[in-house]
Structure formats: structure tokens, C-alpha cells
Amino acid sequence: QVQLVESGGGLVQPGGSLRLSCAASGSIFSIYTMGWYRQAPGNQRELVARITNGGGTNYADSVKGRFTISRDNAKNTVYLQMNSLKPEDTAVYYCNADLRRTKYDPALDAWGQGTLVTVSS
């Protein structure tokens, strides 16, 4: 079984910063793309940022220049550094990983349980 566990959410004032972490554990052969998605109340889940195992990244236009995604392949961990936070960044943030449990298994899409980020004064 594979688990993704997020941490680092919380309440922050506009203009502040937070760093989210997500560690993957369990039976894992290889992790390909890891990413962060978010879902605000009444909205669909949307991509925030993702990173390949080679370090290639892409970001939602709304967070470019403010958020930075990174990963530590040795620790199966992905991070999201969020700076200059705005009230519209308020959402539940979900970690995602595209991985294989063994070299014989097909790739599967794993999700964390989510961590709440609230940007408010």
C-alpha cells in the first residue's frame, strides 16, 4: 500500500509564506511526476504545480513567480514553497504522485488526504 502524507498547511496573513511537504511511503518502485493540486469551496480541483523525476516543472499561471515546487527523490518527498500568498490561494491542497509499486505494475495515481491553507487577515 502507498501513502502520501501532507504537512505544512495553516493560517497565514496575506503576503505571508508557507511551505508544504508531502512524503510518499509504502511499496514504491519508482515515482514519476509529483504535484500539488488545490480545491477551494465550490470550485473544481485544479493543478497548482508539478515536477517530473528529472526536475522539469510547470505551474498554474495564477501562482507563477510566487510558488516553487521541488522534490527530494531520495526521500520520495515533494515540497511547495508558497510566497506572497493571497486570499484567493485559500484552499485544500492535495499532493499527487504518478508511481509504480513494482516494475511489473502499471502506473497509478496516488493522492494525499489534503492540507488546508487559509490566507486571511
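These remarks concern the structure in this document. A quick note: this is a predicted structure, and the numbers were derived from the prediction, not measured.

1. Points about the pattern of salt bridges
Any two side chains of opposite charge can pair, so long as their charged atoms come close to each other. Applying the stated criterion to the full structure yields 4 salt bridges. With a closest N to O distance of 2.8 Å, Glu46 and Arg38 form a salt bridge. The salt bridge involving Asp89 is made with Arg66; its shortest N-O contact spans 2.8 Å. In this pair, Asp89 sits in the loop between β8 (77-82) and β9 (91-100) while Arg66 sits in the loop between β6 (57-59) and β7 (67-72), placing the two residues 23 residues apart along the sequence. Comparing Asp89 with Arg66, the two get one shared label, buried. Linked by salt bridges that have partners in common, Arg38, Glu46, Arg66 and Asp89 make up one network.

2. Some points on the packing of aromatic side chains
Counted under the stated rule, the structure contains 1 aromatic pair. Between Tyr37 and Trp111, the ring centres sit 5.1 Å apart and the planes meet at 65 degrees, which makes this aromatic pair edge-to-face. Here Tyr37, found in strand β4 (residues 30-39), pairs with Trp111, found in strand β10 (residues 108-111); they are 74 residues apart in sequence, far enough to count as distant. Given a relative accessible area of 17%, Tyr37 falls into the buried group. The exposure class assigned to Trp111 is partly exposed, which follows from its relative accessible area of 34%. Directly above the ring of Tyr79 sits Arg19, whose terminal nitrogen or CZ lies 4.1 Å from the centroid. The ring of Tyr94 carries Arg45 above its face, with NZ or CZ at 3.7 Å from the centroid.

3. Let's talk about the nonpolar core
In terms of nonpolar packing, the biggest core is built from 31 residues, with Trp36, Leu80, Met82 and Tyr93 touching the most fellow members. Of all elements in the fold, only β1 (2-7), β3 (18-26), β4, β5 (46-51), β7, β8, β9 and β11 (115-119) reach the threshold of two or more residues within this core. The greatest single-element share of this core, amounting to 5 residues, is contributed by β9.

4. Some remarks on the side chain of Arg38
Mapped onto the elements, Arg38 comes out in strand β4. Take Arg38: its relative accessible area is 6%, and that puts it in the buried class. Here Glu46 takes part through its side chain, which lies 2.8 Å from a polar atom of the side chain of Arg38. Side chain to side chain, Arg38 and Tyr93 meet in a polar contact 2.9 Å long.

5. Quick notes on the state of the cysteines
Enumeration according to the criterion identifies 1 disulfide in this entry. Cys22 shares a disulfide with Cys95; S-S distance 2.1 Å. Taking the torsion about the S-S bond as the criterion, the Cys22 to Cys95 disulfide, at about -80 degrees, is left-handed. On the criterion of sequence distance, the pair formed by Cys22 in strand β3 and Cys95 in strand β9 is long-range, its members being 73 residues apart. Taking relative accessible area as the criterion, Cys22 reaches 0% and is therefore assigned buried.

Conventions adopted
- Residues numbered from 1 in each chain as written.
- Predicted model: local features only at pLDDT ≥ 70, side-chain atom pairs only at ≥ 80, totals over all residues.
- Heavy atoms only, no water.
- Salt bridge = Lys/Arg side-chain N within 4 Å of Asp/Glu carboxyl O.
- Helix = DSSP H or I, 4+ residues; strand = E, 2+ residues; numbered from the N terminus.
- Buried < 20%, exposed > 50% of the residue type's maximum accessible area, 1.4 Å probe, protein only.
- Phe/Tyr/Trp six-rings, centres within 6.5 Å; stacked < 30°, edge-to-face > 60°.
- Lys NZ or Arg CZ within 6 Å of the ring centre and 35° of its normal.
- Core = buried A, V, L, I, M, F, W, Y, C linked by side-chain atoms within 4.5 Å.
- Polar contact = N/O pair within 3.5 Å; in protein donor to acceptor, adjacent residues only side chain to side chain.
- Disulfide = S-S within 2.5 Å.

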